[in-house]
Amino acid sequence: MKVIELYILRRTLSIFAASLAWVLLIVWTTQVLNRIDLVTSSGQSAATFFVAGALTLPAVIPIVMPFAIGIAVAHTLATMNADSELVVIGAAGGPRHTVIRPILLIAIATSIAAFAVNNTLEPYSRQALRQILASANADLISTVLQEGSFQKMDDGVFVQISERLPDGQLGGIFVADTREKGMKLIYHARRGLTVEREGGSILVMQDGEVHRQSDNGDVSVIRFEAYAFDLSQFTRGADTPTLYRKDRYLTYLLNPDPNDKAYATNPQSYRAELHKRLTDWLYPIVFALIGIAVAGDARSFREARVHPMITTLAIGLLVRWMGFYASNEAETKPFFSFVLYAVPLGMIAVCTGFIATNRMMELPTSWTEKLHERLQSVRDDLSRRFGWARRRA
């Protein structure tokens, strides 16, 4: 590589890394907040919550990568144009591929990384996350029955224990069951224990009584020496998770098991997921080409134009939305499987045409001038209103 190519490569790569880190942090935070119920509802530890949050990261990376490289390319080229570096490169006789080649190298490397993450690391993390959630749902006794607090087992069922005794027994058991319409049951026992059996757990209460209130308000009290309360009905799933199309590796999508119930229910969704995996990795290249087509040439500062980063992200968001829409529709309509390929490949062809013909991908000059005039009029109007309000104050 030439010195100028290495310079562009380092500059773009540094901005790409910073953009990826910040955008990834923001998107990942929103995803992690969706898992907060893992701690609040099932009583899992904070360590389990952070592990589950870390496992959501691989699913976010391929989505964020195209936007990060679009920001990096647009910002690098716009800054080089503002510093007259693009003008100097052109005046010195430097060919256009001097600017384009280092950017495409980063884009191709990013696309390969996105493909690897999307088809290896992401399925692995999804399966591990489902295993954690399944274990949390199945491990009801050790996580939900906490000392000194009421825990909601199901709609209308609350359980509270006073203490855990050294011999594994439970002391001071309270159960409120209002699931049956017109009937309220309150169980209270001095002690008890949990018994594991095939298919679930049983809470055996000893030396207690049950208060039964009917719909007309009559209350009957029955004392018992031992009473078994079935807890297996409240475990929200088995210890073995159910895997869906997003949790599968690429090899499985290429040759799915015909006996898979999820596949048998909607085989088209698995084919749509396969085509999505084979096309999503192209979007870093698409966003890089959009950035080059928008800001790859030197422009005069006197021309009215929207900032290249805004134009790049606006076009990129539109293209990515088309890809997401085609992906959703392809789950039920086979035609959109072809659209999944047409969107990125078509945009690559369009950007290549703009770059090859030395044209800028931006709004027409007349539109840009009208937009600037409208923004200036709004800015002046706001200044007058705030100035008038300030004088009145």
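See the structure printed just above.
Because the structure is predicted, anything quoted here is derived from the model rather than measured.

(A) Summary view of the overall build of the protein. Scanning the protein from N- to C-terminus turns up 14 helices and six strands. Each of the 393 residues in the protein was classed as buried or not, and the buried ones make up 41%. In the protein, the proportion of contacts linking residues at least 24 apart, taken out of those at least 6 apart, comes to 64%. Split by element, the accessible area of the protein, about 21700 Å² in all, is 61% carbon and sulfur.

(B) Broad picture of the packing of aromatic side chains. If you walk through the whole model with that rule in mind, you get eight aromatic pairs. Measuring from ring centre to ring centre gives 5.3 Å for tyrosine 263 and tyrosine 270, while their planes differ by 90 degrees; the resulting arrangement is edge-to-face. On the basis of relative accessible area, tyrosine 263 is assigned to the buried category, the value being 19%. Through a chain of ring-to-ring contacts, three or more aromatic side chains come together here, namely Trp321, Tyr325, Phe335 and Phe336. The ring of phenylalanine 324 has arginine 320 lying over it, and the distance from NZ or CZ to the ring centre is 4.2 Å. Here the guanidinium or amino end of arginine 359 rests over the ring plane of phenylalanine 354, the centre of that ring lying 4.6 Å away.

(C) Spotlight on the pattern of salt bridges. Going through the model one piece at a time under the given rule, you end up with 14 salt bridges. Between arginine 190 and aspartate 207 there is a salt bridge; the shortest N-O distance is 3.4 Å. In this pair, arginine 190 sits in strand β4 (residues 184–197) while aspartate 207 sits in strand β5 (residues 200–213), placing the two residues 17 residues apart along the sequence. The partner of glutamate 209 in a salt bridge is arginine 223, with the nearest N and O atoms 3.2 Å apart. In this pair, glutamate 209 sits in strand β5 while arginine 223 sits in strand β6 (residues 219–230), placing the two residues 14 residues apart along the sequence. The class for glutamate 209 is partly exposed, based on a relative accessible area of 22%. By sharing partners, the salt bridges in this structure join Arg190, Asp207, Glu209 and Arg223 into a single network.

(D) Highlighting the packing of helix α12 (residues 308–330) against helix α13 (residues 335–356). Packing of α12 against α13 brings their axes to within 8 Å, and their N-to-C directions diverge by 165 degrees. When the axes of α12 and α13 are compared, the pair comes out roughly antiparallel. In this structure, α12 crosses over α13, and the sense of that crossing is left-handed. Where α12 abuts α13, its residues Ile315, Val319, Met322, Gly323, Tyr325, Ala326, Ser327, Glu329 and Ala330 lie against Phe336, Ser337, Val339, Leu340, Val343 and Met347. Looking at the contact of α12 with α13, its residues break down into 11 nonpolar, three polar and one charged.

(E) Spotlight on helix α4 (residues 57–82). Between its first and last C-alpha atoms α4 spans 36 Å; for 26 residues at 1.5 Å apiece the expected length is 38 Å, and the two agree. The largest bend in α4 is about 40 degrees, located at valine 64, with the proline proline 66 one to four residues further on. With respect to burial, α4 is a largely interior element, 20 of its 26 residues being buried. At the C-terminal side of α4, serine 84 shows a positive phi close to 65 degrees.

(F) Region of the structure containing the packing of helix α11 (residues 283–295) against α12. Two numbers describe how α11 lies on α12: the axes approach to 9 Å, and their chain directions differ by 145 degrees. Relative to α12, the crossing made by α11 is right-handed. On α12, the residues touching Tyr283, Val286, Phe287, Ile290, Gly291, Val294 and Ala295 of α11 are Pro308, Thr311, Thr312, Ile315, Gly316, Leu317, Val319, Arg320 and Gly323.

Rules behind the numbers
Residues numbered from 1 in each chain as written. Predicted model: local features only at pLDDT ≥ 70, side-chain atom pairs only at ≥ 80, totals over all residues. Heavy atoms only, no water. Helix = DSSP H or I, 4+ residues; strand = E, 2+ residues; numbered from the N terminus. Buried < 20%, exposed > 50% of the residue type's maximum accessible area, 1.4 Å probe, protein only. Contact = heavy atoms within 4.5 Å. Areas by Shrake-Rupley, 256 points an atom, 1.4 Å probe, with all protein chains shown as cover. Phe/Tyr/Trp six-rings, centres within 6.5 Å; stacked < 30°, edge-to-face > 60°. Lys NZ or Arg CZ within 6 Å of the ring centre and 35° of its normal. Salt bridge = Lys/Arg side-chain N within 4 Å of Asp/Glu carboxyl O. Axes fitted to C-alpha atoms, helices over the stretch in contact; angles between N-to-C directions. Parallel < 35°, antiparallel > 145°, perpendicular 65-115°, else oblique. Left-handed = near helix turned anticlockwise from the far one by under 90°. Nonpolar A, V, L, I, M, F, W, Y, C, P; charged D, E, K, R; others polar. Expected span 1.5 Å × (residues − 1). Bend = angle between axes of the 7 residues up to and from the residue.

In short, shape yes, function no, at least from these values alone.
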